[in-house]
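Commentary on secondary and tertiary structure
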2 protein chains.
Amino acid sequence: MENPQPTALDDELAVADVNERFYRALEESDLAAMEALWVHEDWVKCVHPGWELLTGWDEIRESWEGIFQNSRGMRAMATDVSVRIEGDLAWVSCTEILAIFYEESTTPTSAVTTATNLFRREGDEWLMIHHHASPVPNAIPISESETLQ
Amino acid sequence: MENPQPTALDDELAVADVNERFYRALEESDLAAMEALWVHEDWVKCVHPGWELLTGWDEIRESWEGIFQNSRGMRAMATDVSVRIEGDLAWVSCTEILAIFYEESTTPTSAVTTATNLFRREGDEWLMIHHHASPVPNAIPISESETLQ
């Protein structure tokens, strides 16, 4: 019996899965996992919260390396995940809830951000081509939130 | 003689044009022009700089109406415009240089932001489906910049 053709729902689940793996790589400071889910071309773009725009995989990879080296650990989760697909392009909107532990501090720095993540279908995979995250105003500080506990 | 098929370059120019018209509508506080270039569906999304995520055309239209009513005028331009197209989806990355004149002030409030704009092909047109803008850190204040003079 042949495998059925992938459906729109299969695509949505696959995109939601790579989006989830993006936040897992972030949480685990896993550079190899982060590398595996991006397109490695000179036109991909990334805006970390409060950073300037980065263009090209080399700059983006370097930024992740720096972020992972400068934190002693991170909790990261995505909520309100909305997936839309048009042909071979998918765009995801989500709220990121982050808690970052830096070397010099015992309490985490918390951030709630809004993200726009774009993925392109490459064969059977969906790979990240664009990440834009920016702080949500007046977000509840981590100590008052149950979300990451 | 028949018209030639539109080329990839035609598409890029058409997307750059609608992106340009977006900033012109902003600069001219032109709600009708803004309405004409968005898809009016309940899943379109918009993040104004420092705002929470808005979902659906009704919320987005209301936000533009408020922004236009609360300003006495605006200068808006996009620089570093990068256009990419995949099938019927286009994503634009650009730097927005904004100067907003509020009622109570004679000097403009300036902002430099990074934007991710998504457009979907609808027949012969490209229409906006997603706008995400966030402040660029340490941007030069408008008074020190020649950009809008």
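Everything numeric in this text was worked out from a predicted model, so none of it was measured.

**Regarding the overall build of chain A**
Each helix and strand in chain A was counted, giving three helices and six strands. Along chain A, helices and strands appear, N-terminal first, in the series α-α-β-β-α-β-β-β-β. Contacts in chain A between residues at least 24 apart in sequence constitute 52% of all its contacts with a sequence separation of at least 6.

**Some thoughts on the environment of Y102 of chain A**
All names here are of chain A. Tracing the chain through its elements places Y102 in strand β4 (residues 89-102). Of the residues examined, Y102 has 14 C-beta atoms within 10 Å and is grouped as partly exposed. Sequence separation between Y102 and M74 is 28 residues; the distance between their C-alpha atoms is 8.9 Å. Those residues in contact with Y102 that lie beyond four places of it in its chain are N70, S71, R72 and T109.

**Brief notes about the relation of the copies chain A and chain B**
Between the two copies of the chain lies a rotation about an axis combined with a shift along it. Turning chain A through 180 degrees and shifting it by 0.0 Å along the axis lays it on chain B, with an RMSD of 0.0 Å. The two molecules are tied by a two-fold rotation axis, judged by turn and shift. Looking at chain A, 100% of its interface residues are interface residues in chain B too, so the copies touch through the same face.

**Notes on the nonpolar core**
Considering soluble globular proteins, one finds that nonpolar side chains tend to be buried as a cluster. Core analysis: the largest hydrophobic core is formed by 52 residues, its most contacted members being A90 and F119 of chain A together with A90 and F119 of chain B. Excluding anything up to four places from it in sequence, F119 of chain B contacts V15, V18, A90, W126, L127, M128 and I129 of chain B.

**Remarks on the sheet that holds strand β4 (residues 89-102) of chain B**
Hydrogen bonds along the backbone pair up the strands of a sheet, which may run parallel or antiparallel. All names here are of chain B. Strand order in this open sheet of six strands is β2-β1-β6-β5-β4-β3, and the pairing throughout is mixed. With partners counted over all chains shown, the strands left at the sheet margins are β2 (54-55) and β3 (71-86), one partner each. Across two bridges, strand β1 (residues 45-47) lies against β2 in antiparallel orientation. From the neighbouring strand, C46 faces β2, where its bridge partner is L54. Sheet strands in contact with helix α1 (residues 8-27) are β3, β4, β5 (109-122) and β6 (125-135), and its direction is about 165 degrees off that of β3.

**Comments concerning unusual backbone geometry**
The backbone phi angle of S29 of chain A is positive, close to 45 degrees, even though this residue is not glycine. We classify S29 of chain A as partly exposed; it has 19 C-beta atoms within 10 Å.

**Focus on the interface of chain A and chain B**
In this assembly, 23 residues from chain A lie in contact with 23 residues from chain B. Contributing elements (two or more residues each) for the side of chain A that touches chain B: β1 (45-47), β3 (71-86), β4, β5 (109-122) and β6 (125-135) of chain A. Counting residues per element, the side of chain A that touches chain B draws most heavily on β5 of chain A, which supplies four residues. Among the residues forming the side of chain A that touches chain B, the class breakdown is nine nonpolar, eight polar and six charged.

**Things to note about the pairing of β6 of chain A**
The side chains of a regular strand alternate between both faces of the sheet. Residue and element names in this part refer to chain A. When you tally the buried positions in β6, you get eight out of 11 residues, the bulk of the element. Here three bridges tie β1 to β6, and the two strands are oriented parallel to one another. Of the residues in β6, the one forming a bridge with V47 is H132. Sheet topology places β5 next to β6; 10 bridges connect them, and they run antiparallel. Within β6, the position partnered with T114 by the bridge is S134. Connecting the antiparallel pair β5 and β6 is a turn made up of two residues, with G123 showing a positive phi of about 65 degrees.

**Concerning the sheet that holds β3 of chain A**
Residues and elements named next belong to chain A. The strand order β2-β1-β6-β5-β4-β3 describes an open sheet built from six strands, whose pairing is mixed. Of all the strands in the sheet, just β2 (54-55) and β3 have a single pairing partner and so form its edges. For β4 and β5, the ladder comprises 12 bridges, and the chain directions are antiparallel. What sits directly across from E96, in β5, is T113. Together, β3, β4, β5 and β6 form the strand contacts of helix α1 (residues 8-27), whose direction differs from that of β3 by roughly 165 degrees.

**Describing the confidence of the model for chain A**
Residues and elements named next belong to chain A. In this model, chain A carries an average pLDDT of 88, and 87% of its residues clear a pLDDT of 70 or more. The low-confidence segment residues 142-149 (pLDDT under 50) makes nine contacts with residues lying over four places distant or belonging to another chain. Prediction confidence for the complex, expressed as pTM and ipTM, is 0.88 and 0.87 respectively.

Basis of the calculations
Position numbers for residues count from 1 along each chain, tracking the sequence in the order it is written. Each chain gets a letter, beginning with A, and each ligand a number, beginning with 1, in the order they are written. Confidence filtering applies because this is a predicted model: local features only for residues at pLDDT of at least 70, side-chain atom pairs given and counted only at 80 or more, and all residues used for totals across whole chains, interfaces and linings. Strands are runs of DSSP state E lasting at least two residues, helices are runs of H or I lasting at least four, and both sets are numbered from the N terminus onward. Placing a C-beta atom from the backbone of each residue, one calls two residues in contact when those atoms lie within 7 Å. As a rule, residues whose C-beta atom has 12 or fewer other C-beta atoms within 10 Å are exposed, those with 20 or more are buried, and those in between are partly exposed; C-beta atoms are placed from the backbone. Each copy is superposed on the other by least squares, with the fit set by C-alpha atoms of residues at a pLDDT of at least 70 in both. In these notes, a nonpolar core means any group of buried Ala, Val, Leu, Ile, Met, Phe, Trp, Tyr and Cys residues linked to one another through C-beta atoms within 7 Å. Two strands make a pair as long as DSSP finds a minimum of two bridges between them. Axes here mean lines fitted to C-alpha atoms, for a helix over just the part in contact, with angles spanning 0 to 180 degrees between N-to-C directions. Residues are grouped as follows: nonpolar covers Ala, Val, Leu, Ile, Met, Phe, Trp, Tyr, Cys and Pro; charged covers Asp, Glu, Lys and Arg; every other residue, Gly included, is treated as polar. Confidence scores labelled pLDDT are given residue by residue by the predictor and lie between 0 and 100.

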